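Chain residues, written in single-letter form:
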Amino acid sequence: MSNDLSFSELVAWARESGLSSFYRDHWNHAATNSLPPLAREKFAAVGLRAREYKKKKGIVSVIRVGAKPYLWKWALEDLQGDYLRSGCRPLLLFSRAHDAIEKPLTLFRKNILALNGTLSNPSVTLFAAANYHIDSVLADSSTYVPGMQMLAGVLDSKQIVERTVFVESGVEFRSLPEQEITHLLLSLPETGSIARLCEKHHDIFHAEPDMLCEAESGELIVTRLARLVTPVIRLATGIAARAMECECGKKGFVLA
Amino acid sequence: MNRIIVKTKDEWRAAGLTGLETIENGSERAWMYAMAFGSGTTGNPPMITLRHLNLPAREYQLGVASGMRGIPLFTRDAQVRMISPMLGEDYNDETEALILSTSDMDEHLEELLHDYRPERIGGFPTFLESVMSHAPQSVRDIKNMDTGGEMTSEGAHAFLRRSSPHAEITQTYSSAQTGPLGLSCAHLKINQYHPVPGVSIEIESPDENGVGNILVSKPITKFLSLERFPMGDSARSLPRCACGRSDAFEIAGRTDFDFIRIAGAVLHRKEFDRVIAALSSHIADYQVIAEEAREKDRMQGLVTLRIVPTPLCKKSDASGGWLGEELARLTFVTPSQTLADLIRKKLFRPLQIEFVDEIEHKFKKVHLLRK
């Protein structure tokens, strides 16, 4: 995934594609600086193959937003999330199938072998976690708290040096005990990690390095500066957010 | 590092993570390995092992190994093991894996499958049945189907044959911890396999029917090998196969799950399937729990049948008395004696019936288990 791709270069790539006209049809000759946002539900109206801007080996997930689920493909070469910075033996606890597959594949690319645990079989997960000497936990908003409670019985909390939690909305964010969490990432299955909670100001999220986040309209609109199988360009996420300057000096937004 | 040879589960439990440091120091690539852990459905103490995904050859991986659009219908952990070798350079850009879970089995599945257009589909036979029952014609016309991870019932196999008449169905005998062990050929019937390259199979202490415990020898990583390791499955050797190989074997079942020896009798899941099918007007689903109980100085068998009753059963036999007698009368537990015969001889206690609303099977249907 290129980190130096500009918005206009990404738009030009999507406009000129010989594989898909998905964005061309949606934009209808709009200028690059006034492209209309795209609702997530629009993906459901167009089949997976008609949204492919490149052919690369990868994984396909079912995404459920609104009334009709749709398929979404991630090329393996695009799985590059920055989920861990010091841990190297993570336990993964995810409720959604996509996360339970995507996260270990992303970590494999960094030569990290993940343990894919489950809350439904705690005795086996605890046995494996203790024997692997896990040092980090990756979870979502529904699995983090019960997962940590499960681990508390057998592991010293000091052993877990990094806790990364993924949320999809402000409601999920506010349900978490954020002071315990090392990295809190706002993430959607179509976009990957969008933004990270500021380490100093614990309400404000900052965009990840290859993300453009717009929150001026009250809804978070995101662009991933990467040539994905289906690029993410001005995606209207449905996440209520408000732009805000952060005391750390970087631009950010808060989740409503 | 010298290779460790393990022959028992305790030895494997102690040595399962040998070689982990070679991944952490960067001399081995993480995606070629899996952390396989669990006790499966056995209820045995859990274990965790590092497994190399390329031993033996990768072509025996199910589902997505072939550079096609595949659907691996397994547990999440197994899906990761199927997919992660794709991170290597050997797979072309056409290789894809669709991640499906049981929560996707709804009215939208047909449309999603039509959109995906799989070329290959593989999984637990029970999971495959669920998916293929929702599949559009375009998916039913699939040419490549793999089954594995559990024994295939005659009913499941017949359903898959009917739903996808053009599919070449390849069966794999494998486990999470060992990976592929056996592979079917065009001449073998269901649950019959040849060992895959690098694997040797022995049948230990066969009974009068030739059925004994299956022992496996196989490298698991560069640092750990199984040698005559008891898999916990029962199997028998087969005569020379029409393909010319003389190493075919047939899995009789998971010891203690398809096949429980108790109080001088043998409970077969297939036999319970037969009897329950005959009483299907009264029984919607079932699970047999077998145990041994001491009565003074002698062991007795005790069988408890958990039953999801049909509306007719609730109406006509609320106590389960008639049903219990019928089940005991019809179920053979030796070649010539029924459960009722052994209850009369006090080798078994009277059959216990428990009515329940639901039996949770998750991915694998466990109809017979030892308490």
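Residues numbered from 1 in each chain as written. Chains lettered and ligands numbered in written order. Predicted model: local features only at pLDDT ≥ 70, side-chain atom pairs only at ≥ 80, totals over all residues.

Undergrad: Give a detailed account of the overall build of chain B, specifying residues and quantitative values.
TA: Regarding its fold elements, chain B presents 11 helices and 20 strands. A globule of 371 residues ought to have a C-alpha radius of gyration of about 21 Å, and chain B, at 22 Å, matches this closely. Looking at chain B residue by residue over its 371 residues, the buried ones come to 44%. In chain B, of all internal contacts separated by at least 6 residues, the share reaching a separation of at least 24 is 61%. (Helix = DSSP H or I, 4+ residues; strand = E, 2+ residues; numbered from the N terminus. Rg over C-alpha atoms; globule rule 2.2 N^0.38 Å. Buried ≥ 20, exposed ≤ 12 C-beta atoms within 10 Å, placed from the backbone. Contact = placed C-beta atoms within 7 Å.)

Undergrad: Describe the overall build of chain A, with residues and values.
TA: Looking only at helices and strands, chain A has 7 helices and 14 strands in total. Relative to its length of 256 residues, chain A is compact, with a C-alpha radius of gyration of 19 Å against a globular reference of 18 Å. On the principal axes, the C-alpha backbone points of chain A span a range of 60 × 40 × 35 Å. Relative to its 256 residues, chain A shows a buried fraction of 44%. By sequence separation, contacts in chain A at least 24 residues apart represent 57% of the contacts at least 6 residues apart.

Undergrad: Describe in detail the domain arrangement of chain B, supporting the description with residues and values.
TA: Each assigned domain of chain B is listed with its residue range as follows: domain 1 (4-253) and domain 2 (259-370). Of note, the centres of domain 1 of chain B and domain 2 of chain B, computed from C-alpha atoms alone, are 31 Å apart. (Domains from an automatic or database assignment.)

Undergrad: Can you lay out the sheet that holds strand S18 (residues 298-309) of chain B for me, pointing to particular residues and giving the numbers?
TA: Residues and elements named next belong to chain B. An order of S19-S18-S17-S20 is seen for the 4 strands of this open sheet, with the pairing classed as mixed. Two strands lie at the open edges of the sheet, namely strand S19 (352-355) and strand S20 (368-370), each paired on one side alone. For this sheet, the mean angle separating the axes of adjacent strands, direction not counted, is 20°. In terms of strand pairing, strand S17 (residues 283-295) meets S20 through 3 bridges, oriented parallel. Bridge pairing links Ala290 to Arg370 in S20. (Pairing = 2+ DSSP bridges. Axes fitted to C-alpha atoms, helices over the stretch in contact; angles between N-to-C directions.)

Undergrad: Requested: an account of the packing of helix H5 (residues 125-133) of chain B against helix H7 (residues 154-163) of chain B, with residues and values cited.
TA: Residue and element names in this part refer to chain B. One way to put it is that H5 packs onto H7 with a least axis distance of 10 Å and a crossing angle of 35°. Seen along the crossing, H5 lies across H7 with a hand that is left-handed. Between H5 and H7, the residues in contact are Pro125, Thr126, Leu128, Glu129 and Met132 and Ala156, Phe159, Leu160 and Ser163, respectively. Of the residues that constitute the contact of H5 with H7, the class distribution is 6 nonpolar, 2 polar and 1 charged. (Left-handed = near helix turned anticlockwise from the far one by under 90°. Nonpolar A, V, L, I, M, F, W, Y, C, P; charged D, E, K, R; others polar.)

Undergrad: How would you summarise the pairing of strand S11 (residues 211-214) of chain A if you had to cite specific residues and measurements?
TA: Within a regular strand, the side chains alternate between the two sheet faces. Residue and element names in this part refer to chain A. Side chains of S11 alternate between two faces, with Met211 and Cys213 buried and Leu212 and Glu214 left unburied. Where S11 meets strand S12 (residues 219-224), 4 bridges bridge the pair, whose relative direction is antiparallel. Within S12, the position partnered with Met211 by the bridge is Arg224. What sits between the antiparallel neighbours S11 and S12 is a turn of 4 residues, in which Gly218 has the positive phi angle 95°.

Undergrad: Go over the interface of chain A and chain B with me, naming the residues and quoting the values.
TA: By a widespread convention, an interface's size corresponds to the accessible area lost as its parts come together. Contact with chain A, which involves 34 residues of that partner, is made by 37 residues of chain B. Elements with a minimum of two residues in the side of chain A that touches chain B: strand S2 (58-63), helix H4 (97-109), strand S5 (115-117) and helix H5 (122-132) of chain A. For the side of chain A that touches chain B, the element with the most residues is H4 of chain A, which contributes 8 residues. The residue makeup of the side of chain A that touches chain B, split by class, is 21 nonpolar, 8 polar and 5 charged. Both S2 of chain A and strand S5 (residues 96-98) of chain B contribute to a ladder of 3 bridges, which runs parallel.

Undergrad: I'd like a description of the environment of Glu358 of chain B, backed by residues and values.
TA: Residue and element names in this part refer to chain B. Considering the arrangement of structural elements, one finds Glu358 in the loop between S19 and S20. Owing to 8 C-beta atoms within 10 Å, Glu358 belongs among the exposed residues under this scheme. C-alpha separation for the pair Glu358 and Val308, spaced 50 residues apart in sequence, amounts to 6.0 Å.

Undergrad: Summarise the nonpolar core; cite the residues concerned and give the values.
TA: Of all hydrophobic cores here, the largest spans 168 residues; its most connected members are Val60, Leu115 and Cys213 of chain A together with Met35 and Leu339 of chain B. With sequence-adjacent residues up to four places away left out, Val60 of chain A is seen in contact with Leu48, Leu71, Trp72 and Lys73 of chain A together with Glu96, Ala97, Leu98, Ile99 and Tyr116 of chain B. (Core = buried A, V, L, I, M, F, W, Y, C linked by C-beta atoms within 7 Å.)

Undergrad: How would you explain helix H8 (residues 269-278) of chain B if you had to name every residue and give the values?
TA: All names here are of chain B. Considered for burial, the residues of H8 that qualify are Arg269, Phe272, Val275 and Ile276. Here the buried residues of H8 occupy an arc of 125° about the axis, which is enough to place them on one side. In this fold, the buried residues of H8 make contact with strand S14 (249-254), strand S16 (265-268), S17, helix H10 (321-330) and S20. (Arc of directions from axis to C-beta.)

Undergrad: An account of unusual backbone geometry is needed here, citing residue identities and associated values.
TA: Residue and element names in this part refer to chain A. Phi at Arg234 is positive, roughly 50°, even though this residue is not glycine. Mapped onto the secondary structure, Arg234 falls in the loop between S12 and strand S13 (235-245). On the basis of neighbour counts, which here come to 18 C-beta atoms within 10 Å, the residue Arg234 falls in the partly exposed class.

Undergrad: Pulling in residues and values, what's your account of the environment of Glu245 of chain A?
TA: All names here are of chain A. Along the chain, Glu245 turns up in strand S13. According to the C-beta neighbour criterion, Glu245 is exposed, with 11 such atoms within 10 Å. Spatially, the C-alpha atom of Glu245 lies 8.6 Å from that of Ile204, the residues being 41 residues apart in sequence.

Undergrad: Pulling in residues and values, what's your account of the domain arrangement of chain A?
TA: Residues and elements named next belong to chain A. Structurally, chain A comprises domain 1 (1-78 + 206-256) and domain 2 (79-189). Using only C-alpha atoms to locate each centre, domain 1 and domain 2 end up separated by 26 Å. At the interface, 13 residues of domain 1 touch 11 residues of domain 2. Of all the elements in the fold, those that place two or more residues in the side of domain 1 that touches domain 2 are S2, strand S3 (70-75) and S13. Each residue belonging to the side of domain 1 that touches domain 2 can be placed in one class, and the counts come to 10 nonpolar, 2 polar and 1 charged.

Undergrad: Break down the pairing of S13 of chain A for me, citing the residues and quoting the values.
TA: Residue and element names in this part refer to chain A. As defined by bridge partners, strand S1 (residues 38-39) adjoins S13 across 2 bridges and the pair is classed as parallel. Residue pairing for S13: Leu38 is matched across the bridge by Leu235. By the bridge criterion, 3 bridges tie S12 to S13 in an arrangement that is antiparallel. Following the sheet pairing, Glu219 is matched in S13 by Ala240. With 5 bridges joining them, S13 and strand S14 (residues 251-255) adopt antiparallel strand pairing. Residue Ala241 lies in a different strand from S14, and its bridge partner there is Leu255.

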